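# Per-entry structural report
Chain by chain, the residues run as shown.
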Amino acid sequence: MVIPCYNEEACLPELHRRVAAAAHQCFGDDHEIVLINDGSRDRTWAIMQELAATDSNLVCLNLARNHGHQLALTAGLDLSRGETILVIDADLQDPPELLPDMLKTMAAQGADVVYGLRTSREGESFTKKLTAGLFYRILDRLTDINIPLDTGDFRLMSRRALDVLMAMPEQARFVRGMVAWIGYRQVPFPYARAQRLAGVTHYPFTKMLSLAFDAITGFSTKPLRFASHAGLWLVGLLMLVAMYILVRFLQGETIEGWTSLSLLVIGIGAAQMLVLGVIGEYLGRVYVEAKRRPLYIVAEVVGSGRPVGRLGVSPVATLAAATPAPAATGQVASAPGRSGGVPG
């Protein structure tokens, strides 16, 4: 189970109790819970350390700074070692008690991904529901892949699906879209989303808008096509205006209407700035990707196991790189980030 956390001190004890109970119900002691502290400003990390001291199945990662939800989730997924991986948020709006039914659905339908499909959203304002609904539907119209409507990051994945996801190194990450892009068999799991246990949402409208830009620019070139089409329409409009001016000049008539002409110039200028802005968004993302910086930095790891990731920097990875390789023993080494012995 992979759970990114940001300022979740009020939720953590109950979160751990319910998640651990669901994991024990399905896998006994053969499971791993990965909590990621994404630069929290409260006692989230201190509580994680206390919980890790009481639960040998708990691994807690303390990121060096706030990386944002999608990169914190990526860090947890990259360092997880299970053969089946559940992604869940720390606010308990997505009930961990659904894990047994999700596992049954995965087995019955031979799926690699079982994603939570929200049938209702309790305890959320009308504005939140409206903006979320618009977000998913606009995204569906603009992106080039089929991202299921009304779904979040709450999903169960197989190891082979996760390995493909971790082979994608881009910085501007929209994980649910990246999972949809993978393919394999992906099936919905309808459920009613509960009210947040405590605290406030960490995804206000501004962050939702930023996530929408990452999703659109990461999975669609339609905005660039729109810029091209807008340019063609403006060229056509200018040609019509030029023909009108020429005809009036040949007729010997004085052209009036400086106001309309000024509005036309301003409109064209605004359209040009819009097109440049769209191109700038894509260019900025190319610039960020070209630097090839690690996606996350782990400052500290507490708990059992020695997870080693592929997309970021962690104390364990640094130690492994500095330690000489042991002499060959005839055993095949496992791939980084995998152990093959933890099914859940």
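Procedures and definitions
Residues numbered from 1 in each chain as written. Predicted model: local features only at pLDDT ≥ 70, side-chain atom pairs only at ≥ 80, totals over all residues. Heavy atoms only, no water. Helix = DSSP H or I, 4+ residues; strand = E, 2+ residues; numbered from the N terminus. Buried < 20%, exposed > 50% of the residue type's maximum accessible area, 1.4 Å probe, protein only. Contact = heavy atoms within 4.5 Å. Areas by Shrake-Rupley, 256 points an atom, 1.4 Å probe, with all protein chains shown as cover. Core = buried A, V, L, I, M, F, W, Y, C linked by side-chain atoms within 4.5 Å. Salt bridge = Lys/Arg side-chain N within 4 Å of Asp/Glu carboxyl O. pLDDT = per-residue confidence, 0-100.

### Examining the overall build of the protein
- The helix and strand inventory of the protein stands at eleven helices and eight strands.
- Every one of the 344 residues in the protein was classed for burial, and the buried ones make up 44%.
- In the protein, 79% of the contacts between residues at least 6 apart in sequence involve partners at least 24 apart.
- On the protein, roughly 17700 Å² of surface is accessible, and the fraction owed to carbon and sulfur atoms is 63%.

### Side note on the nonpolar core
- By size, the foremost hydrophobic cluster in this structure holds 34 residues, and its most contacted members are I3, L12, L15, L35, C60, M102 and V114.
- Secondary-structure elements contributing two or more residues to this core are β1 (2-5), α1 (12-27), β2 (33-37), α2 (44-52), β3 (58-63), α4 (99-109), β6 (151-158) and β7 (186-193).
- Sort the elements by how many residues they give to this core and α1 lands first, with six residues.
- In contact with L35, other than residues within four places in its own chain, are I3, C5, L12, L15, M48, L58, V59, C60 and L61.
- In this structure, L71, A72, M157 and L165 belong to the second largest nonpolar core, which totals 29 residues.

### Describing the pattern of salt bridges
- For the coordinates displayed, the defined rule picks out nine salt bridges.
- Here D89 and R193 are joined by a salt bridge, their closest N and O atoms 3.8 Å apart. Here the residue D89 occupies a position in the loop between β4 (84-87) and α4, and R193 occupies one in strand β7, the gap between them amounting to 104 residues.
- When the shortest N-O distance is used, the salt bridge between D94 and R193 registers 3.0 Å. Of the two residues, D94 sits in the loop between β4 and α4 while R193 sits in strand β7, which places them 99 residues apart along the sequence.
- Connected through salt bridges with shared partners, the residues D89, D94 and R193 form a single ionic network.

### With respect to helix α3 (residues 69-79)
- Counting buried positions along α3 yields ten of eleven residues, so the element is predominantly enclosed.
- For α3, every residue scored as buried is listed here: Q70, L71, A72, L73, T74, A75, G76, L77, D78 and L79.

### Focus: the confidence of the model for the protein
- The share of residues in the protein with pLDDT of 70 or more is 63%, and the mean pLDDT across the chain is 75.
- Predicted confidence is poor over residues 317-343, with pLDDT under 50, and the contacts of this stretch with residues over four places away or in other chains come to 27 contacts.

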